[in-house]
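A structural walkthrough
Here's the letter readout for the chains.
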Amino acid sequence: MLLTKFTHACIRLEQDGRVLVLDPGIFSESAAALEGADAVLITHEHADHYDPAALTQALADLSELTIYAPASVVRDLHSHAPEQSARVVEAAPGDSFAVAGFAVQCFGGQHAVIHPTMAAVANVGYLIDDVYHPGDALIVPHGVSVGTLLVPVHAPWSKVSEVVDFVVSVRAPHAYQIHDGLLNEQGLAFTESHIERIGGLHGVKFRHLHPGTSVEI
């Protein structure tokens, strides 16, 4: 499988000529990420993970494209692209399905708390084969083995100790950063150094990926 990192939380997976994209948001190079995509998974409704304009265009351009997302995103996309609504499907924790040749399992349920005065939204984490994208919640998936963990390294709802504990708890052999669009280079290097050092003590090999970088996993 080929994994390509785009800016912030967007990831593109390619295998056997099939393409699956996760969380093409407004900070990401959505048009490039979605080129030739067979399926898209959206973790939640926030704009840094969900770009309705880009997905509406992709649905129009790609006749076989299927999108899975929480109910609120599904409703919104149905309003933007009513003619393609059959190809926009609800995903919820506990669901399992196959799409574009990938096996997908859904975890989580709720976005991490940013502040008690802010309403919580649904968040679905996805295990694609053995690649785990948690979205905006540090939910450890149960009953599965994760080979590659995508780590939200920084967010308004997290702190470094929680991120490190998440990495240690999942114990994936390989980990790469996501949700890094709000940090400058100095802050990112500082946070990632803790993940790399402490995660390494528990068998996790962490590697930073620049936007546009692809790795075989």
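Residues numbered from 1 in each chain as written. Predicted model: local features only at pLDDT ≥ 70, side-chain atom pairs only at ≥ 80, totals over all residues. Heavy atoms only, no water.

**Notes on helix H4 (residues 160-170)**
Among all positions in H4, only Val-163, Val-164, Phe-166, Val-167, Val-168 and Val-170 are buried. Close packing links the buried residues of H4 with strand E10 (131-133), strand E11 (148-152) and helix H5 (185-200). (Buried < 20%, exposed > 50% of the residue type's maximum accessible area, 1.4 Å probe, protein only. Helix = DSSP H or I, 4+ residues; strand = E, 2+ residues; numbered from the N terminus. Contact = heavy atoms within 4.5 Å.)

**A word on the sheet that holds strand E9 (residues 122-128)**
Strand order in this open sheet of seven strands is E7-E8-E9-E10-E11-E12-E13, and the pairing throughout is mixed. Strands with a single pairing partner mark the edges of an open sheet, and in this sheet they are strand E7 (96-99) and strand E13 (205-207). This sheet shows a mean twist of 25 degrees between the axes of neighbouring strands, independent of strand direction. The pairing of E11 with strand E12 (residues 174-178) spans five bridges and is classified as parallel. Across the sheet, residue Thr-148 finds its bridge partner in E12, namely His-174. Each of E10 and E11 touches H4; the most contacted strand, E11, lies at about 170 degrees to it. (Pairing = 2+ DSSP bridges. Axes fitted to C-alpha atoms, helices over the stretch in contact; angles between N-to-C directions.)

**Considering the nonpolar core**
Of all hydrophobic cores here, the largest spans 25 residues; its most connected members are Leu-13, Leu-20, Leu-41, Tyr-126 and Ile-128. Put simply, the parts of the chain that give this core at least two residues each are strand E2 (11-15), strand E3 (18-22), strand E4 (39-41), E7, strand E8 (102-110), E9 and E12. With near-sequence residues (within four places) excluded, Leu-20 lies in contact with Ile-11, Arg-12, Leu-13, Ala-39, Leu-41, Val-99, Phe-102 and Ile-128. Cys-10, Ala-37, Ala-54 and Leu-55 belong to the second largest nonpolar core, which has 23 residues in total. (Core = buried A, V, L, I, M, F, W, Y, C linked by side-chain atoms within 4.5 Å.)

**With respect to the pairing of strand E1 (residues 2-5)**
On a regular strand, one side chain projects to one face of the sheet and the next to the other, so that they alternate. Summarising the sheet, E1 and E2 pair through four bridges and their orientation is antiparallel. Across the sheet, residue Leu-3 finds its bridge partner in E2, namely Leu-13. Between E1 and E2, which pair antiparallel one after the other, the connecting turn spans five residues, and His-8 there sits at a positive phi close to 70 degrees.

**Digging into the environment of Glu-14**
Structurally, the position occupied by Glu-14 is in strand E2. Separated by 86 residues in the primary sequence, Glu-14 and Ala-100 place their C-alpha atoms 9.8 Å from one another. Sequence-distant contacts of Glu-14, defined by excluding residues within four places in its chain, comprise Met-1, Leu-2, Thr-4, Val-19 and Phe-102. Here the side chain of Glu-14 touches Arg-12 through a polar contact of 3.1 Å, side chain to side chain. (Polar contact = N/O pair within 3.5 Å; in protein donor to acceptor, adjacent residues only side chain to side chain.)

**A look at the environment of Phe-97**
Mapped onto the secondary structure, Phe-97 falls in strand E7. C-alpha separation for the pair Phe-97 and Ile-128, spaced 31 residues apart in sequence, amounts to 9.9 Å. Ignoring anything within four residues of it in the chain, the contact list for Phe-97 reads Leu-41, Tyr-68, Ala-91, Phe-102, Ala-103, Val-104 and Cys-106.

**Here we look at a nonpolar patch on the surface**
The grouping of Ile-26, Phe-27 and Leu-182 at the surface amounts to a nonpolar patch, some 280 Å² of accessible area in total. Turning to its location among the elements, Leu-182 is positioned in the loop between E12 and H5. The partly exposed category is assigned to Leu-182, whose relative accessible area is 45%. (Patch = residues over 30% accessible without salt bridge, like charges linked within 9 Å, V, L, I, M, F, W, Y side chains within 5 Å. Areas by Shrake-Rupley, 256 points an atom, 1.4 Å probe, with all protein chains shown as cover. Salt bridge = Lys/Arg side-chain N within 4 Å of Asp/Glu carboxyl O.)

Honestly, it's all geometry; don't read function into it.
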